[in-house]
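Spelled out, the chains give:
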Amino acid sequence: MKKWIAALTGLAMAGMMFTGCGAAEAEDWEYIQQKGTLVIGYTIFDPMNYTDENGKLIGFDTELAEAVCEKLGVTPEFVEIDWANKVMELNSKKIDCAWNGMTILEELKENVDFSMPYSENYQTCVIRKADAEKYTTTAEMAGARIGVEAGSAGEAAVQDNADLSKGTVTSLTAQRNTLLELKAGTLDVAVIDGVMALASVGEGTDFDDLMVVPGIQLSKEEYGIGFRKNSPETVAKVNQALQELANEGKVAELAEKYPSVLVTLEAE
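Since this is a predicted model, take the numbers as computed values, not measurements.

1. Points about the nonpolar core
Consideration 1: Ranked by internal contacts, the top residues of the largest apolar core, which has 46 residues, are Leu64, Trp99, Tyr118, Val126 and Leu179.
Consideration 2: In terms of residue count, the dominant contributor to this core is helix 3 (residues 60-72) (seven residues).
Consideration 3: Apart from residues lying up to four places away in sequence, Trp99 is in contact with Ile40, Gly41, Tyr42, Asn49, Asp61, Leu64, Ala65, Val68, Tyr118, Ile225 and Leu242.
Consideration 4: Formed by 14 residues, the second largest nonpolar core is a distinct cluster that contains Ile127, Val189, Val191 and Met211.

Rendered as structure tokens:
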């Protein structure tokens, strides 16, 4: 009799465990709604998420996230993360989404649910102006000291490029750090998002001694928002909010404010 009771108890507990796991996966939106915040993982990435002269976080993604959260009735909470650890941060619930010019990659779809795409991007090469004649093609960069952000589309683009992959590649924690190292002379080339490059280097910027190498677009890609895997309701609600903001003209307004962002989300 005791054996039967033990067996039935074990089956009941197993059933509760499986039910609990399924519920946890299905209730991600309920979890966010109950705590009243959407915790957004980001890195410093001009023009998507960066600080102004007063230390206030601004940018296309920052302001779009704030508008989406207002639609959803939750408070945005921004947390700076190591971009290479974004999936781990999502799974541990340190953040609820990664929203930082995040490239939609097929390999990430195994572990991340993505929103609809809202912007286009490409990877490009940034060099010092003093090296304008030295580095005009990727072939001339073979053997160069190349900086990328760890876990980024730029890192993947370098690995996939026959010329750049021959260089000495250094992975850093943020795209801006590659520009700092390039400016300091410890790198020869920074491979970063074209959106960031257009906004961050050249005349009138902190990196006026740097330049984008003309004509190099290593990859074409789309930006989306990354959520925990199996979060269909959260994704659906955010997508609805994004489309409403596009229909109301808010997305176009942000595109005008941040012209280097290649916005693709349009009003229906």
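2. Here's the deal with the packing of aromatic side chains
Consideration 1: Scanning all chains against the criterion turns up three aromatic pairs.
Consideration 2: Plain terms: the ring middles of Tyr42 and Phe78 are 6.3 Å apart, the flat faces sit at 80° to each other, and that makes the pair edge-to-face. One end of the pair, Tyr42, is in strand 1 (residues 37-42); the other, Phe78, is in strand 4 (residues 75-80), and 36 residues separate them in sequence.
Consideration 3: Owing to a relative accessible area of 9%, Tyr42 belongs among the buried residues under this scheme.
Consideration 4: The partly exposed category is assigned to Phe78, whose relative accessible area is 21%.
Consideration 5: Look at Phe45 and Tyr223: their rings are 6.5 Å apart centre to centre, the planes differ by 90°, and that puts the pair in the edge-to-face class. Note that Phe45 is positioned in the loop between strand 1 and strand 2 (50-51) and Tyr223 in strand 12 (residues 220-228), a separation of 178 residues in sequence. Assigned by exposure class, Phe45 and Tyr223 land together as buried.

3. A few points about the pairing of strand 9 (residues 168-172)
Consideration 1: Relative to strand 9, strand 8 (residues 145-149) is paired through five bridges, and the arrangement is parallel. Within the sheet, the bridge partner assigned to Val148 lies in strand 9 and is Ser171.
Consideration 2: Where the polypeptide runs from strand 8 across helix 5 (residues 153-160) and back to strand 9, its parallel neighbour, the crossover connection is right-handed.

4. Points about the pairing of strand 10 (residues 189-193)
Consideration 1: Here strand 10 lies mainly inside the structure; five of its five residues are buried.
Consideration 2: In this sheet, strand 10 lies alongside strand 7 (residues 119-128) in antiparallel orientation, the contact comprising four bridges. Residue pairing across strands places Thr124 opposite Ile192, the latter belonging to strand 10.
Consideration 3: Pairing of strand 8 with strand 10, which is carried by two bridges, proceeds in the parallel orientation. Pairing of Ile146 across the sheet is with Val189, part of strand 10.

5. Regarding the confidence of the model for the protein
Consideration 1: Mean pLDDT for the protein: 91, with 90% of residues reaching 70 or above.
Consideration 2: Low confidence marks residues 1-26, where pLDDT is under 50. Its contacts with residues over four positions away, or in another chain, come to one contact.

6. Quick look at the layout of surface pockets
Consideration 1: Approximately 200 Å³ is the volume found for the largest pocket.
Consideration 2: Forming the boundary of the largest pocket are 13 residues, of which Asp46, Tyr50, Arg176, Ser200 and Asp206 lie nearest the centre.
Consideration 3: Breaking the lining of the largest pocket down by element, the ones donating at least two residues are strand 2 and helix 7 (194-200).
Consideration 4: In terms of residues, the lining of the largest pocket owes the most to one element, helix 7, which gives three residues.
Consideration 5: When residues are assigned to domains, the lining of the largest pocket turns out to be shared by domain 1 (2-119 + 221-263) and domain 2 (122-220), each giving three or more.

Thresholds, definitions, all that
- Residues numbered from 1 in each chain as written.
- Predicted model: local features only at pLDDT ≥ 70, side-chain atom pairs only at ≥ 80, totals over all residues.
- Heavy atoms only, no water.
- Core = buried A, V, L, I, M, F, W, Y, C linked by side-chain atoms within 4.5 Å.
- Buried < 20%, exposed > 50% of the residue type's maximum accessible area, 1.4 Å probe, protein only.
- Helix = DSSP H or I, 4+ residues; strand = E, 2+ residues; numbered from the N terminus.
- Contact = heavy atoms within 4.5 Å.
- Phe/Tyr/Trp six-rings, centres within 6.5 Å; stacked < 30°, edge-to-face > 60°.
- Pairing = 2+ DSSP bridges.
- Right-handed = clockwise from strand over helix to strand, strands pointing away.
- pLDDT = per-residue confidence, 0-100.
- 1 Å grid on protein atoms, 1.4 Å probe; cavity = no way out; pocket = protein on both sides within 12 Å on 5 of 7 lines; lining within 4 Å.
- Points joined across faces, edges and corners; volume = space filled by probe spheres on them.
- Domains from an automatic or database assignment.

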